[in-house]
Amino acid sequence: MRERNNLLENSLQEKQPVEFTAMGLEQLAELKKQLAEEKKSKQTAKPTQKKNPNPVDPVVLIIGKLQRLYPKAFPKNPTPKVPLKIGILEDLQARSEEIGISTEDLQLAIKTWCKSSRYWQACKEGADRLDLDGNPDGVVEATGAAHAKGMVRKQAKAKQSPTE
């Protein structure tokens, strides 16, 4: 390759016709081999990241963090969920910087946590509502229990009806 470039430069300076040497089959094979080795070394140098076929929902990660920080208020399955105190979201949002979760993410996590059938089943009349530390802070009243019972029925009905 250098020889060709030198010939080209010399011929341009001397204003003579350019002579190109033909590349033999052995040289072509060697060049092909070198290019393949370079490509292979580049591929091994840069391992490709495989995409996770089942990415984890960010809300699940936030709930997991809440379960680690406040295990009495956010118990892990199979332990039954507990009714949370009225205003638990505001308590969490007041601690959002401390725990490193944005107020919007906390709102979404509480919404997801409290709309599950496990949560509604825990909301029976007279059951203690718990604060973040697991201390009783109010009780589930009759209206709250009735609402929870209706939500359990509604979710069960939604699961039974065929989706179109």
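Model, not experiment: these values are computed from the prediction.

Rules behind the numbers
Residues numbered from 1 in each chain as written. Predicted model: local features only at pLDDT ≥ 70, side-chain atom pairs only at ≥ 80, totals over all residues. Heavy atoms only, no water. Helix = DSSP H or I, 4+ residues; strand = E, 2+ residues; numbered from the N terminus. Contact = heavy atoms within 4.5 Å. Areas by Shrake-Rupley, 256 points an atom, 1.4 Å probe, with all protein chains shown as cover. Expected span 1.5 Å × (residues − 1). Buried < 20%, exposed > 50% of the residue type's maximum accessible area, 1.4 Å probe, protein only. Polar contact = N/O pair within 3.5 Å; in protein donor to acceptor, adjacent residues only side chain to side chain. 1 Å grid on protein atoms, 1.4 Å probe; cavity = no way out; pocket = protein on both sides within 12 Å on 5 of 7 lines; lining within 4 Å. Points joined across faces, edges and corners; volume = space filled by probe spheres on them. Nonpolar A, V, L, I, M, F, W, Y, C, P; charged D, E, K, R; others polar.

(A) Structural view of the overall build of the protein chain. Each helix and strand in the protein chain was counted, giving 8 helices and 2 strands. Going from N to C terminus, the protein chain has its helices and strands arranged as α-α-α-α-α-α-α-β-β-α. Sequence separation of 24 or more characterises 58% of the internal contacts of the protein chain that already satisfy a separation of 6 or more. Total accessible area computed for the protein chain in this model is approximately 13000 Å², and 54% of it derives from carbon and sulfur atoms.

(B) Spotlight on helix α3 (residues 58-69). Taking 1.5 Å per residue, 12 residues should reach 16 Å; α3 reaches 17 Å between its end C-alpha atoms and fits that length. Those residues of α3 that sit buried are Val 59, Ile 62, Ile 63, Gly 64, Leu 66 and Gln 67. Looking at the packing, one finds that the buried side of α3 touches α4 (88-94), α5 (96-99) and α6 (103-114).

(C) Inspection of the side chain of Gln 67 at higher detail. Tracing the chain through its elements places Gln 67 in helix α3. A polar contact is formed between the side chain of Gln 67 and the backbone oxygen of Pro 75, at a distance of 3.3 Å. If we skip the residues at most four places from it in the chain, Gln 67 touches Phe 74, Pro 75, Lys 76 and Trp 113.

(D) Here's a closer look at the environment of Arg 95. Mapped onto the elements of the fold, Arg 95 is located in the loop between α4 and α5. Beyond its immediate stretch of four places on either side in the chain, Arg 95 contacts Tyr 70, Leu 132 and Asp 133.

(E) Local environment of the layout of surface pockets. Estimates place the volume of the second largest pocket at around 230 Å³. Along the wall of the second largest pocket there are 17 residues; nearest its centre are Leu 84, Ile 86, Cys 114, Tyr 119 and Arg 129. Broken down by secondary-structure element, the contributors of at least two residues to the lining of the second largest pocket are α4, α6, α7 (117-122) and α8 (142-160). Tallied by class, residues from the lining of the second largest pocket come to 11 nonpolar, 3 polar and 3 charged.

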